[in-house]
Amino acid sequence: MVVLERRPVLGGACVTEELWPGARVSRASYVVSMLQPKVVDDLHLRDFGYRAVPLDPAYAALTPDGPIFFHNDPARTAASVATHSKRDGQVYAGFEDLLDRAASFLRPMMLREPPALGSRHPADLLSLLREGARTAGLSRREVHDLIRIFTMSVADLLDDWFEHEGLKGSIASTGVVGVWAGPRTPGTAYNLLHHALGEIDGISGGWGQVIGGMGAISMAIARSAEAAGAEIRTDAEVASIDIRDGRTVGVTLADGSELRAPVVASGAHPKTTVLDLAGGENFPDEVASDMRRYRSRGGSVKINMVLSEPPRYEGVTEEQQHMLERTGVNLCPSIDYLERAWQDALEGRPAEQPYVEAELPSAIDPTLTDDGRWVMTMFTQYGPPGEEAWTGDARDRYADACIDHLARYAPNVPAAIIEREVLAPPDLERIFGLVDGSIFQGEQGLDQMAFMRPSPLLAQYATPVEGLYLCGAGTHPGGGVMAAAGHNAAKRILRDRRRSRLPWRRRAAA
């Protein structure tokens, strides 16, 4: 087996890079939660250097009347919420229970192929019956709750539960992370649930910092693969997936060299794989048409920085300062604030007042710098896809707005910045191959999930081209550093290879 990576750094968007001498940054992805425990165990990733430190609190919301801490224990979170709204503190545990029940229903589906609707193959019918039986086991109230979460806007869901604007704004931001949608867009409540599907060290919905940065995940997977006999090549850009008589025969690299193989699994964006590398003419017309219509807009902007000192937050206790240094700091004062940022992007301009989530990973992992400096990253929204929105000094002006937002709570930050990188959606596409800046390899509306991701004829990882498979975030179960799509695609490839070796299959082929 040969693994080909276009860039000199292995891992796609899950990488650690030394952007400045002596300072290493999780350049795109930034925290771990959704990485599947089964994959960690099956590949023995801990033996190959993977280590994640759970965050508790998982994150904190900075509001004008003080921080709200979101602990791994819902009771502690409820107590923090109650200092801002007694009523919201009383109902918070019920809200967490709603998400946990919905996530518990969906988690088993993450490491399975989605049902193949319309297929009469016995295995596909059994899959449909299995999922139908699970749904039939739910109460009417549970089905009602699931449908509401799948279809509601995150703003409507939160308005049903809470009254404090800062609480609602902070939670709502998770409902729009990485998607081309605002908090009042129908379907964004599902994106909130999507981010609750992970776990770390048995903590459902927990988050963690990876020692060595997010690239340590990719390197652990690489070392596991090499131990199993795989060859890994970087600076190996694939120019085309080669197809003859409807069958994959290998790939041609940008340098003109050819690699012959009966199986090609592509982790690239589905549109890139089908329309560019393999060629839409090699697929049924409906597949090529589906890929041209597949929506892949993103509004995320990543800002990476090196600081001379950590942020010093005003109006907090020493204990709170310590917690804020070791968790994600969320800056989204209300749903209206988030909606205004979204409307700016809809009109084709970077948000004047962006939503910001700031992380200080070197507070947990000081090895990220060689000289005691501090690495800080900011995941922010919204910035439009397309270079036309980012001409001149637009990137710097946007980053300044994000930093000014944080400086309202930590005034020392602007003067502490030594280095800064701003990655707008066009940069995410150029560097990491994330078409239109979508960090999930495609939007995550209900019409582009499960058996429709990225299209009905591609949703089971195999494509109509024999030997060609999709294995990236553009397939079920969607985006995030989770390795679920790769796990599911590998199982499909192995199953297809076993079937192809059966005597009756060889006779039928002859």
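Check the entry above for the structure.
Residues numbered from 1 in each chain as written. Predicted model: local features only at pLDDT ≥ 70, side-chain atom pairs only at ≥ 80, totals over all residues. Heavy atoms only, no water.

> Could you give an account of the sheet that holds strand β15 (residues 300-307), with specific residues and numbers?
Read from one edge to the other, the open sheet built from 7 strands follows the order β6-β5-β16-β17-β18-β15-β19, with strand pairing classed as mixed. Each having just a single partner strand, β6 (66-70) and β19 (417-423) make up the two edges of the open sheet. Adjacent strand axes in the sheet meet at a mean angle of 20 degrees when their direction is disregarded. Strand direction decides the pairing type here: β15 and β19, joined by 6 bridges, are antiparallel. The residue bridging Ile303 from the neighbouring strand is Val422, located in β19. (Pairing = 2+ DSSP bridges. Helix = DSSP H or I, 4+ residues; strand = E, 2+ residues; numbered from the N terminus. Axes fitted to C-alpha atoms, helices over the stretch in contact; angles between N-to-C directions.)

> Provide a residue-level description of the packing of helix α2 (residues 74-82) against helix α3 (residues 86-110), including the pertinent values.
The geometry of α2 relative to α3 is characterised by a closest axis approach of 7 Å and an angle of 155 degrees between their N-to-C directions. With respect to each other, α2 and α3 are oriented roughly antiparallel. Classified by chirality, the crossing of α3 by α2 is right-handed. Taking contact as the criterion, the partners of Pro74, Thr77, Ala78, Val81 and Ala82 in α2 are, on α3, Lys86, Asp88, Gly89, Tyr92 and Glu96. A breakdown of the residues in the contact of α2 with α3 according to their chemical character gives 5 nonpolar, 2 polar and 3 charged. (Parallel < 35°, antiparallel > 145°, perpendicular 65-115°, else oblique. Left-handed = near helix turned anticlockwise from the far one by under 90°. Contact = heavy atoms within 4.5 Å. Nonpolar A, V, L, I, M, F, W, Y, C, P; charged D, E, K, R; others polar.)

> Just give me the short version of the sheet that holds strand β11 (residues 238-244), but keep the residues and values in it.
Here 3 strands make up an open sheet; going across it, the order is β11-β12-β13 and the pairing antiparallel. Edge positions in the sheet fall to β11 and β13 (258-260), since each of these pairs with one other strand and no more. With direction set aside, neighbouring strand axes in the sheet form an average angle of 25 degrees.

> Account for the packing of aromatic side chains, naming residues and giving values.
This model, assessed by the stated rule, comprises 12 aromatic pairs. On the basis of an interplanar angle of 80 degrees and a centroid distance of 4.9 Å, the ring pair of Trp180 and Trp342 is categorised as edge-to-face. On the criterion of sequence distance, the pair formed by Trp180 in the loop between α7 (165-176) and α8 (188-194) and Trp342 in helix α13 (residues 335-346) is long-range, its members being 162 residues apart. A relative accessible area of 13% places Trp180 in the buried class. Exposure remark for Trp342: the relative accessible area of 6% places this residue in the buried category. Taking the centre distance of 5.4 Å and the plane angle of 50 degrees together, the rings of Trp342 and Tyr382 count as tilted. Here Trp342, found in helix α13, pairs with Tyr382, found in the loop between β18 (374-381) and α14 (394-407); they are 40 residues apart in sequence, far enough to count as distant. (Phe/Tyr/Trp six-rings, centres within 6.5 Å; stacked < 30°, edge-to-face > 60°. Buried < 20%, exposed > 50% of the residue type's maximum accessible area, 1.4 Å probe, protein only.)

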